[in-house]
Amino acid sequence: METITRKEIEQTCLETIAKEMGLKSGDLNEGMNLRDDLDIVSLDAMNIIMALEDEFKVEADIETVLEMQQVSDIVDHLAERMHV
Amino acid sequence: MTGRGVVSPVGSTVTEYWTGLRDGISGVRQITDFDVSRASCQIAGMVQDFDPDTHFNHREKKSYERFTQMGLVAATQAVEEAEMQKLDAGSGEVGVLMGTGVGGITSYAIAYDALFAGKVERPINAYTIPRIMNSALSSAIAIRMGILGKNITLNTACSSGGNAIGQAFEWIREGSLRAVVCGAAEAPVTYGILRAWDALGVLSRKYNKTPESACRPFEKNRSGFVLAEGAAVLVLESLESAETRNAEIFGEIAGFGSNCDATSLTNPDEKGVAKAMKLALEDAEISPDSIGYINAHGTGTRLNDPLECRAIHRVFGNRASSLAVSSNKSQLGHAMGASSALEALATILAVQNDCAPPTLNCIDPDPECDIDPVSNYARKLNIEAALSNSFAFGGSNAVLVIKKWKP
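Residues numbered from 1 in each chain as written. Chains lettered and ligands numbered in written order. Predicted model: local features only at pLDDT ≥ 70, side-chain atom pairs only at ≥ 80, totals over all residues.

A.B. asks: What is the right way to look at the confidence of the model for chain A in this model?
C.D. replies: Interpretation of the predicted coordinates at a detailed level should be avoided for regions scoring low in pLDDT. Across chain A, the average pLDDT comes to 94, with 98% of residues at 70 or higher. Mean pLDDT across the secondary structure elements of chain A bottoms out at helix H3 (residues 62-67) of chain A, with 89, and peaks at helix H1 (residues 6-21) of chain A, with 97. (pLDDT = per-residue confidence, 0-100. Helix = DSSP H or I, 4+ residues; strand = E, 2+ residues; numbered from the N terminus.)

Take a look at the structure:
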């Protein structure tokens, strides 16, 4: 299996968030706050994480995800789950 | 009544709606949203050019199913016409009461497809439950307008809208609320619902090539109805409230008759239907002779139309034979829970304009339907008061008396 990099996980996260929230991925960065900058509420977060689980074939910890503050927290969590 | 709003197969402003009905326009079309090649009935009353992007931001589009979207657009028209900002929506004295039959049925279908047919790209969308829930529209109206009073959704199948308007009228009359945003919305045209109604044998199957001819209430050759979608919303308020703020008044809900046949889940009962009309007239404290027009339930099925006409005879006696009685379902199709709200609005407009809208396609009237069906062309006539009839599966009848407003 091809090794995935953290940068690739970040890019997929940004694209998934952009699609769910009706934004352009180029306007997003991983330092953004999920609620204050991106207006993500729990239902959006669920859709985003389900899409990422599907994409990366991993299982995220939903309670951890719902506590996250920044895009980078999601990227870190997925990277940890995938041992990247 | 100080505000009106509508999204319908013949127009999505009150002016377009009335013009469409009056001029005999049909909103029944080929269904193009999904494959109907295996369905016997391939047509429905579809709202044209409804663009959610015009009305909703990204979050609203995700959160609101089509019936909620259409209802919210109609409610926004009604509230703007009523100048709701002068009604102090945050006082708790303004409420919302909306009807729907099948609510967010499209999201049900998508979720089931995801679970059982693997037809969607990933698991169930997290917005599925808020999109499905029948109360989504009532809540969405309150959220958008900041309405803090009672917020209730009502379902009595195809009389949901009539019962919602009638119950709102009672809330105001008993003094528990000063104003109510009320009506109904429905977007039931999915493949599953289409096939399910067809299984009951009540959908018109003979006119797939000429959809505008399909629904033929009171006609000898009637063969059933077609499904439809749409929404109609009214702002009702107490006379004192409307006069205090100098609001324009478009008509008066004068009486409400609501009862149950208590005989069958699917077949209407002549006595129960007649009783609902009598209750409405008694509630309005007017005699049958004051009624100049009846907006019929008029489904165009073999069973309903003669039964409704016999019930009208029970209430109106010999006068029934010459009474103007028309069915908007001939033009709109049958929007289930929303049909009675759409038709109540049509009745208001008929009274306002002294004009009975036509029953389209009523070329060869059935002698068993011994009324004047206002065949094919609208008719000018003096209408001081009118009835709006709606009956439903389960026997839940709702009849409204609508009177011309005279200051």
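A.B. asks: So what exactly am I meant to see when it comes to the interface of chain B and chain A here?
C.D. replies: How big an interface is tends to be reported as the loss of accessible area on association of its parts. Taken residue by residue, the interface counts six residues in chain B and eight residues in chain A. Across the side of chain B that touches chain A, the residue classes break down as three nonpolar, two polar and one charged. (Contact = placed C-beta atoms within 7 Å. Nonpolar A, V, L, I, M, F, W, Y, C, P; charged D, E, K, R; others polar.)

A.B. asks: Looking at this structure, I do not really get the sheet that holds strand S5 (residues 151-154) of chain B. What am I missing?
C.D. replies: Strand pairing in a sheet takes place through backbone hydrogen bonds and is either antiparallel or parallel in direction. Residue and element names in this part refer to chain B. Ordered in space as S1-S7-S6-S4-S5, the five strands form an open sheet in which the pairing is mixed. Every interior strand has two partners, whereas the edge strands, strand S1 (3-7) and S5, have only one. With strand direction ignored, the average angle separating the axes of adjacent strands in the sheet is 15 degrees. Where strand S4 (residues 94-99) meets S5, four bridges bridge the pair, whose relative direction is parallel. Note on S5: the bridge partner recorded for Met-98 is Thr-153. (Pairing = 2+ DSSP bridges. Axes fitted to C-alpha atoms, helices over the stretch in contact; angles between N-to-C directions.)

A.B. asks: For this particular structure, what's the right way to read the domain arrangement of chain B?
C.D. replies: All names here are of chain B. If you check the domain split of chain B, you get domain 1 (3-244) and domain 2 (255-403). Placing the centre of domain 1 and that of domain 2 at their C-alpha centroids yields a distance of 21 Å. On the side of domain 2, 56 residues touch domain 1, which itself brings 58 residues to the contact. For the side of domain 1 that touches domain 2, the secondary structure elements donating two or more residues are S1, helix H1 (14-22), strand S3 (43-45), helix H8 (160-174), strand S6 (179-186) and strand S7 (230-237). If you tally residues by element for the side of domain 1 that touches domain 2, the top one is H8, at nine residues. In terms of residue class, the side of domain 1 that touches domain 2 is made up of 28 nonpolar, 21 polar and nine charged. (Domains from an automatic or database assignment.)

A.B. asks: Would you explain the nonpolar core in this entry?
C.D. replies: Here is a general trend for soluble globular proteins: nonpolar side chains tend to be buried in one another's company. Residues and elements named next belong to chain B. Ranked by size, the top nonpolar core spans 133 residues in total, and within it Ala-74, Ile-141, Val-180, Val-181, Val-226, Ala-232 and Leu-236 carry the most contacts. The greatest single-element share of this core, amounting to nine residues, is contributed by helix H14 (residues 339-353). The two domains that each donate at least three residues to this core are domain 1 (3-244) and domain 2 (255-403). Setting aside anything within four residues of it in sequence, one finds Val-180 in contact with Gly-95, Val-96, Leu-97, Ala-168, Trp-171, Ile-172 and Leu-236. (Core = buried A, V, L, I, M, F, W, Y, C linked by C-beta atoms within 7 Å. Buried ≥ 20, exposed ≤ 12 C-beta atoms within 10 Å, placed from the backbone.)

A.B. asks: What exactly am I supposed to notice about the environment of B:Gln69 here?
C.D. replies: All names here are of chain B. Structurally, Gln-69 is set in helix H4 (residues 66-81). Taking C-alpha positions, Gln-69 is 13 Å from Pro-188, a pair spaced 119 residues apart along the chain. Apart from residues lying up to four places away in sequence, Gln-69 is in contact with Pro-52, His-55, Phe-56 and Tyr-64.

A.B. asks: How should I be thinking about the packing of H1(A) against helix H2 (residues 42-56) of chain A in this particular structure?
C.D. replies: For any two helices packed against each other, one specifies the inter-axial angle together with the distance between the axes. Residue and element names in this part refer to chain A. Relative to each other, H1 and H2 sit at 135 degrees, their axes nearing to 10 Å. Considering their axes alone, H1 and H2 lie oblique with respect to each other. For the pair H1 and H2, the crossing hand works out as right-handed. Across from Thr-12, Cys-13, Thr-16, Ile-17, Glu-20 and Met-21 in H1, the residues of H2 making contact are Asp-44, Asn-47, Ile-48, Ala-51, Leu-52 and Glu-55. Classifying every residue of the contact of H1 with H2 by side-chain character gives six nonpolar, three polar and three charged. (Parallel < 35°, antiparallel > 145°, perpendicular 65-115°, else oblique. Left-handed = near helix turned anticlockwise from the far one by under 90°.)

A.B. asks: Sorry if this is basic, but what is going on with the pairing of S7(B) here?
C.D. replies: Across a regular strand the side chains alternate sides, sitting on one face of the sheet and then on the other. All names here are of chain B. Taking burial as the measure, the eight residues of S7 include eight buried ones, the bulk of the element. Alternating residues of S7 divide into Gly-230, Ala-232, Leu-234 and Leu-236 and Ala-231, Val-233, Val-235 and Glu-237, and every residue in both groups is buried. Relative to S7, S1 runs antiparallel, the two sharing five bridges. Paired with Val-7 across the strands is Ala-231, a residue of S7.

A.B. asks: So what exactly am I meant to see when it comes to H8(B) here?
C.D. replies: Turn by turn, an α-helix covers 3.6 residues, leaving residues three or four places apart pointing in a common direction. Residue and element names in this part refer to chain B. With 15 residues, H8 should reach 21 Å at 1.5 Å per residue; the first-to-last C-alpha distance of 21 Å fits that figure. Burial analysis of H8 places 11 of its 15 residues in the buried class, the great majority of the element. The positive-phi residue at the C-terminal boundary of H8 is Gly-175, with phi of around 90 degrees. (Expected span 1.5 Å × (residues − 1).)

A.B. asks: I'm lost on the packing of H4(B) against helix H7 (residues 136-145) of chain B in this one. Help?
C.D. replies: Residue and element names in this part refer to chain B. As a packed pair, H4 and H7 sit with axes 9 Å apart at the nearest point and diverge in direction by 40 degrees. Between H4 and H7, the angle falls in the class oblique. In the crossing of H4 with H7, the sense of the turn from one axis to the other is right-handed. Taking contact as the criterion, the partners of Phe-67, Thr-68, Gly-71, Leu-72, Ala-75 and Val-79 in H4 are, on H7, Ala-136, Leu-137, Ala-140, Ile-141, Arg-144 and Met-145. When its residues are assigned to classes, the contact of H4 with H7 shows nine nonpolar, two polar and one charged.

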